[in-house]
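# Coordinate inspection notes
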Amino acid sequence: MTQGERRIPARRTVLGAAGATVLGTSAALAAGTGAAQAAGAGRTPGHGRGYRSLPVPTVIAHRGASGYRPEHTLGSYRLALDLGAHVIEQDLVPTKDGHLVCRHENDITGTTDVADHPEFASRRTTKSVDGTSYTGWFTEDFTLAELKTLRAKERIPGTRQENTLYDGRWTVPTFEEVLRWAEDEGRRRGREIWLHVETKHPTYFRSLGLGLEERLAKLLRRYGRHRANSPVFLQSFEPSSVQRLAKLVDSPGVVLLSGATSRPWDFVQAGDPRTVADLVTPQGLRWIASYAKGIGPTLDLVIPRDASGRLGDPTTLVRDAHAEGLILHPYTHRNENAFLPADFRRGTDPAAYGDSFGALKRYLATGIDGIFSDNPDTALLGAADHTARD
């Protein structure tokens, strides 16, 4: 029995309550998930009323519906909307000629077919990005025209074999293409299309003369998403990037936070000794609140896992962040056993679905304002369950 044959029944079980399967047509998905979206929302997002008008819990499609389509493609973004996601995430990296494109990393070895292009064989190289060595192909070594000759593919085919069906179907989108797409979708669907936009490795790219923030701010102004009530969040793991953006536009900023012992790369470069553990103290959160509207912590900062990988007791992060007026959008919820806490895994196949709803129940019960999910339909149903209990 193949991996795909094992996963399809589990996926249908998860989506059955929404009345659709992820392999159906967009129209069927939209019809099947409309009720789930309404149930999960509690209220409908209002036009031009800012992030406080979003549903709570807010479901943010992590790199689009990346549990079902290759990440950061228009196909992944469109499916996320069809499934009912409230917000769609983009990660931004630059090309050699300064265009912002949507990739989780500047290393495109695993997310495009670049290795199949002999004309680019000589571009394969080794680089140090934020202190880590990578060997592969990098966006900053390609012009946009060259990058557009590549096709996107599934990043983790061993876990998501079904997604490889869509390998080669889409190109790498520019952020401007996404902004135009969001405008078109907004007109078609009669609502704002919210985006959650991350600057990737901003200190690294600034050192190459490819500063992200100014390019991003220019596009936001061009498409009217630079205001405090614009339907966009601007996020980064580097606080200085969020601070820089706050001086350029009024769009709400979110500081992303990884493991407690880690240090943001801009802190490393500046000699700032603070770690994430320092930033999640009341004092650190007060400092973040001076220039940002929210934080995006790893879920382990909300509920740590013990030595066996099981969920422990929640920390005080939600309470402390809310006391400073910050919203929390933790990352990342996924359905597969490989990504779930040990107490919510089912069976021994890491690619099979576990008790995703059980994990969501624990996370949402902490009072977080939203959650990033590779499987937005699952997260919407979990949000609906949570709202019904309130």
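Residues numbered from 1 in each chain as written. Predicted model: local features only at pLDDT ≥ 70, side-chain atom pairs only at ≥ 80, totals over all residues. Heavy atoms only, no water.

## Digging into the overall build of the chain
This is how it is decided: Secondary structure elements are taken from DSSP: a helix is a run of H or I of four residues or more, a strand is a run of E of two residues or more, and numbering for both begins at the N terminus. The buried label goes to any residue with under 20% of its type's maximum accessible area, the exposed label to any with over 50%, and the partly exposed label to all in between, with areas taken from a 1.4 Å probe on protein chains only.
Along the chain, the regular secondary structure elements total 15 helices and 11 strands. Buried positions account for 56% of the 390 residues belonging to the chain.

## So, the environment of Arg 274
Filter applied, for reference: Any two residues whose heavy atoms approach within 4.5 Å at even a single point are treated as in contact. Identification of polar contacts relies on pairs of N or O atoms within 3.5 Å, with a donor-acceptor requirement for protein atoms, meaning one able to donate a hydrogen and the other able to accept it, and with residues adjacent in sequence counted only if both atoms are side-chain atoms.
Mapped onto the secondary structure, Arg 274 falls in the loop between helix 9 (265-270) and helix 10 (276-279). For Arg 274, a relative accessible area of 24% puts it in the partly exposed group. The residues contacting Arg 274, other than those within four sequence positions of it, are Arg 263, Pro 264, Phe 267, Leu 279 and Trp 287. At 2.8 Å, the side chain of Arg 274 and the side chain of Asp 272 are in polar contact.

## Some thoughts on the environment of Tyr 134
Mapped onto the fold, Tyr 134 is located in strand 5 (residues 132-136). Note on Tyr 134: relative accessible area 31%, which makes it partly exposed. Beyond its immediate sequence surroundings of up to four residues, Tyr 134 is in contact with Asp 107, Thr 125, Thr 126, Lys 127 and Val 129.

## Details of the pattern of salt bridges
Formally: Put simply, a salt bridge is a Lys or Arg side-chain nitrogen that is within 4 Å of an Asp or Glu carboxyl oxygen.
Summed over all chains, the structure comprises 27 salt bridges. Between Glu 176 and Arg 222 there is a salt bridge, with the nearest N and O atoms lying 3.0 Å from each other. With Glu 176 in helix 5 (residues 175-189) and Arg 222 in helix 7 (residues 212-222), the pair connects residues that are 46 residues apart, well separated along the chain. Under the relative-accessibility criterion, Arg 222 is labelled partly exposed at 46%. Arg 346 is paired through a salt bridge with Asp 355; the nearest N and O atoms lie 3.4 Å apart. Among the charged side chains, a salt-bridge network with shared partners connects Arg 78, Asp 82, Glu 185, Arg 188 and Arg 189.

## Let's talk about the nonpolar core
Basically, it comes down to this: To qualify as a nonpolar core, a set must consist of buried Ala, Val, Leu, Ile, Met, Phe, Trp, Tyr and Cys residues joined through side-chain atoms within 4.5 Å.
The biggest cluster of nonpolar side chains holds 48 residues, and the ones touching the most others in it are Ile 88, Phe 175, Leu 195, Val 197, Leu 216 and Leu 234. Each residue touching Leu 234, except ones within four places of it in the same chain, is listed here: Val 197, Leu 216, Leu 220, Leu 245, Val 249, Ser 251, Pro 252, Gly 253 and Val 254. Val 242, Ile 303, Leu 326 and Tyr 363 belong to the second largest nonpolar core, which has 34 residues in total.

## Thoughts on the pairing of strand 6 (residues 194-199)
Under the convention used in this document: DSSP calls a pair of strands paired once it identifies at least 2 bridges connecting them.
Counting buried positions along strand 6 yields six of six residues, so the element is predominantly enclosed. Neither face of strand 6 is exposed, since Trp 194, His 196 and Glu 198 on one face and Leu 195, Val 197 and Thr 199 on the opposite face are all buried. Here six bridges tie strand 2 (residues 87-94) to strand 6, and the two strands are oriented parallel to one another. Counted as the bridge partner of Glu 89 is His 196 from strand 6.

## Some remarks on the packing of aromatic side chains
For the record, the criterion: Between 30 and 60 degrees the pair is tilted, below 30 it is stacked and above 60 it is edge-to-face, where a pair is any two Phe, Tyr or Trp rings, Trp via its six-membered ring, whose centres lie within 6.5 Å.
Going through the model one piece at a time under the given rule, you end up with nine aromatic pairs. Ring geometry for Tyr 77 and Trp 181: centres 6.0 Å apart, planes at 45°, overall tilted. With a gap of 104 residues between them, Tyr 77 in helix 3 (residues 74-83) and Trp 181 in helix 5 connect regions that are remote in the sequence. Accessibility assignment for this pair places Tyr 77 and Trp 181 in one class, buried. Here a set of aromatic residues connected by ring pairs shows up, and it is made of Tyr 51, Trp 194 and Phe 233.

## Details of helix 8 (residues 239-248)
To keep things clear, this is the line we draw: It is the directions from the helix axis to the C-beta atoms whose arc is reported.
Turning to helix 8, its buried residues number three or more, namely Pro 239, Ser 241, Val 242 and Leu 245. The arc that holds the buried residues of helix 8, viewed along the axis, is 160°, so those residues lie on one side.

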